[in-house]
Amino acid sequence: MRKRDLLLATLGLLAVWQLAAMIIDRPVLPPPLEVLQAFFAEVPRDLGRHLLVSAWRVVASIAVAVIIAVPAGLALGLSPAADRLAAPVIYLLYPIPKIVFLPVVLLLLGIGNASKIFMIAAVLFFQILVVVRDEAANLRPELIASVRSLGAGRRAIFRFVYLPACLPAVLTSLRVSIGTAIAVLFFAESFATTSGLGYYIIVETWGRLAYPEMYAGVVAMSLLGLALYVSVDRLQGQLCPWLKVS
């Protein structure tokens, strides 16, 4: 995505926001300038601290999900027998909204970072697992046979065939999942916790009707999602140079 297009889109959204604030003309929807002032005033204080906590949680969740799901997906994709055993379990668990287990997770893991990281990682795990499994299973046999004919062992096949073939799909699934991860993060932080952007938005600002500060928290969470999306996009450009990244 070109910087100019992103800038134009941002200006367009700010213009729509300003127009909506003028039409509604109520404290519940302050104009963007007022929110930006609150944002820059709050970042050095509470908002910055909550933003760092949320960023740590979502980045740790992505790392945990990738570390567990990629090897598991490769194992299922390479072993039809294992895939046949695991497929019914995946079929049953994948469609279930993982956020419904949040009360149970909070009881087991407490209200700290562990419960939030577990919930987000659980959401990302199945999405990455299914994508990697399908990519590994759909690799053409003649491609693998040609690499083996050159004397490549199992480790070389994994490094030079399976991993490059699955990596773009993993990064694409991460980009698609970022919005879901941020939504789960917000919900998990909105109660039974004392830190994070969800706590800041719901408890510290919305609870006392501090609307400019509340929208500043929304902006911070949006920027967190955008930063993660751009980071994954750039990571794909570095790790998968054979792909054209828009």
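Look above for the structure.
Counting of residues starts from 1 at the beginning of each chain's written sequence and follows it residue by residue. Residues qualify for local features only when their pLDDT is at least 70, as the model is predicted, and side-chain atom pairs are given and counted only at 80 or more; totals for whole chains, interfaces and linings, by contrast, use all residues. Side-chain descriptors were evaluated using all non-hydrogen atoms of the structure, hydrogens and water having been removed beforehand.

A. Seen up close, a nonpolar patch on the surface. A grouping of Val89, Tyr91, Leu92, Leu93, Ile96, Val100, Phe101, Val104, Leu107, Leu108, Leu109 and Phe118 is seen on the molecular surface, where their side chains present a nonpolar patch of about 1300 Å² in accessible area. Looking at the nonpolar patch, the elements with two or more residues in it are helix H3 (80-93) and helix H4 (102-109). Secondary structure elements are taken from DSSP: a helix is a run of H or I of four residues or more, a strand is a run of E of two residues or more, and numbering for both begins at the N terminus. Here Val89 lies in helix H3. What goes into a patch is any residue over 30% in relative accessible area without a salt bridge, connected to like charges within 9 Å or, for nonpolar side chains (Val, Leu, Ile, Met, Phe, Trp, Tyr), within 5 Å. Surface accessibility follows the Shrake-Rupley procedure with a 1.4 Å probe radius. Residue values consider only the protein chains on display as shielding. Note on definitions: salt bridges are taken to be side-chain nitrogens of Lys or Arg within 4 Å of carboxyl oxygens of Asp or Glu.

B. Spotlight on H4. Looking only at H4, the buried set comprises Leu102, Val105 and Leu106. Buried positions in H4, seen along its axis, are confined to an arc of 100° and lie on one side of it. Away from its buried face, by an angle of more than 90 degrees, H4 presents the exposed residues Leu107 and Leu108. In the stretch just after H4, Gly110 is the one whose phi turns positive, near 85°. Summary of the burial criterion: residues with accessible area below 20% of their type's maximum are buried, those above 50% are exposed, and those between are partly exposed, where the area comes from a 1.4 Å probe applied to protein chains only. Throughout, the arc means the angular range of directions from the helix axis out to the C-beta atoms.

C. Focus on the pattern of salt bridges. For the structure shown, the criterion picks out 5 salt bridges. In this structure, Arg45 and Glu42 form a salt bridge, with 3.0 Å as the shortest nitrogen-oxygen distance. Of the two residues, Arg45 and Glu42 both sit in helix H2 (residues 32-78), 3 residues apart, roughly one turn of that helix. A relative accessible area of 51% means that Arg45 is categorised as exposed.

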